[in-house]
Amino acid sequence: MLPYSACIVKHFLPSQLYIFAKTLPFPRVLPYNRHMEFKYFKNMLVISGVKPFDLEKCCTCGQAFRWVKNPVHMQAGLFDECGLPDAEASLAFAGVIRGRAVLVMQSGDSLIVTPCAKGEAQLFVDYFDLKRDYSAVEAALAADERLRVCLPGSSGIRVFNQEPFEALISFIISANNNIKRISGIIDRLCSLAGEKLPVRYFSDCAAADCDFGKLKQIGAGYRAPYIIKSAKRIADGYDLEKLRSLPTAEARKELLTFPGVGPKVADCILLFSLGHADAFPVDVWIERAMTELYFSDSSTSDTSAARPAPAKSEIQAAARSIGKLSGIVQQYIFFYARNQKLGT
């Protein structure tokens, strides 16, 4: 069995090319949220003052693929002791955070995590990016003439800070795929090669040791050799964490040397696991949204009069105009595009 840094986990369920009128007014250093309070109830952590935050949007927006809503094994009355009104009526999600099986629930501006012992809160603060003041992000979005349309529908989105190897394998699987199918493949991968945690959660999965044929059987398809080769490279000692401190362009260049990793997959790994908030993944939804938001002619409703679709270099130039937090803004744009079903 490989160490966790080389394992994927899943619980049992499944630019100059365009003149920009205005750039997004993000502060150079985003302020932290200093209004959170922490309380412990036996084996449960309650973090209050978490806003804006929408747990369901975050868990289902396509940045992480191992969260399941209202898992069947959740015991009735589990959240009673936290003392929050209507806690049991709220949605709960089950998942694994850096090898730990957890249940997470939101009640108003409070986030409830179990199990969590005293002193362990930082793990969840980091994962859910709770220190970052997303109110400032959303205020900047609301002030931007182009991007304000993404609100309020996407309000509450946050970028999770996942384990890098998990992100590597997950986003290799994500290529030319949809969220439901990605989740299913990851689930079956862990069923194939994972150990179990209590309450029927799968723990570490030795992806490098998986048989090619079996990976094909679980739906990995042409991605199977990419999964095995990339996992083996990590198992042989490559440290993804070293990319965290590199400039984004250098870190992206490194990731592109992994089998199955193209520009979009590399940017997903950088954004969702390595802290590069300026990484801006571009897929079909982002292409459609950026075309509408930055390149369409707002003076006419005749779409046939619109300019040709922008080149990827133009979209990336538009993304750079947003600034250092373009990757975080990308999630709001992505959610807006999918929610509005742009281009369909």
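This text goes with the structure placed above it.
Conventions adopted
Residues numbered from 1 in each chain as written. Predicted model: local features only at pLDDT ≥ 70, side-chain atom pairs only at ≥ 80, totals over all residues. Heavy atoms only, no water. Pairing = 2+ DSSP bridges. Helix = DSSP H or I, 4+ residues; strand = E, 2+ residues; numbered from the N terminus. Expected span 1.5 Å × (residues − 1). Buried < 20%, exposed > 50% of the residue type's maximum accessible area, 1.4 Å probe, protein only. Contact = heavy atoms within 4.5 Å. Polar contact = N/O pair within 3.5 Å; in protein donor to acceptor, adjacent residues only side chain to side chain. 1 Å grid on protein atoms, 1.4 Å probe; cavity = no way out; pocket = protein on both sides within 12 Å on 5 of 7 lines; lining within 4 Å. Points joined across faces, edges and corners; volume = space filled by probe spheres on them. Nonpolar A, V, L, I, M, F, W, Y, C, P; charged D, E, K, R; others polar. Phe/Tyr/Trp six-rings, centres within 6.5 Å; stacked < 30°, edge-to-face > 60°. Lys NZ or Arg CZ within 6 Å of the ring centre and 35° of its normal.

On to the sheet that holds strand β3 (residues 68–69), then. Spatially, the 6 strands line up as an open sheet ordered β1-β2-β6-β5-β4-β3, and their pairing is antiparallel. Two strands lie at the open edges of the sheet, namely β1 (37–41) and β3, each paired on one side alone.

Over its 12 residues, helix α10 (residues 284–295) runs 15 Å from end to end, which matches the ideal 16 Å to within 8%, given 1.5 Å per residue. Those residues of α10 lying buried are Trp 285, Ile 286, Ala 289, Met 290, Leu 293, Tyr 294 and Phe 295. Where α10 is buried, its residues meet α11 (312–322) and α12 (326–340). Here α10 starts with a cap whose side-chain oxygen sits 3.2 Å from the backbone nitrogen of Trp 285, and that cap is Asp 283.

Bringing the side chain of Asp 129 into the picture now. Tracing the chain through its elements places Asp 129 in the loop between α2 (121–127) and α3 (134–143). In this structure Asp 129 touches Tyr 134, Arg 158, Val 159 and Asn 161, once residues within four positions along its chain are discounted.

We now examine the layout of surface pockets. Empty space within the largest pocket amounts to approximately 710 Å³. Elements with a minimum of two residues in the lining of the largest pocket: α4 (164–174), α5 (179–193), α9 (263–273), α10, α11 and α12. If you tally residues by element for the lining of the largest pocket, the top one is α9, at 6 residues. Across the lining of the largest pocket, the residue classes break down as 15 nonpolar, 9 polar and 6 charged.

Here the structure, examined in full by the defined rule, presents 10 aromatic pairs. Ring centres 6.2 Å apart and planes at 40° place the aromatic pair Trp 67 and Phe 128 in the tilted group. One end of the pair, Trp 67, is in the loop between α1 (55–60) and β3; the other, Phe 128, is in the loop between α2 and α3, with 61 residues separating them in the sequence. We classify Phe 128 as buried; its relative accessible area is 0%. Taken together, the ring pairs connect Phe 53, Trp 67, Tyr 127, Phe 128 and Phe 160 into an aromatic cluster. The ring of Tyr 238 carries Arg 233 above its face, with NZ or CZ at 4.7 Å from the centroid. Seen from the ring of Trp 285, Arg 288 lies directly overhead, with NZ or CZ sitting 4.9 Å from the centre.

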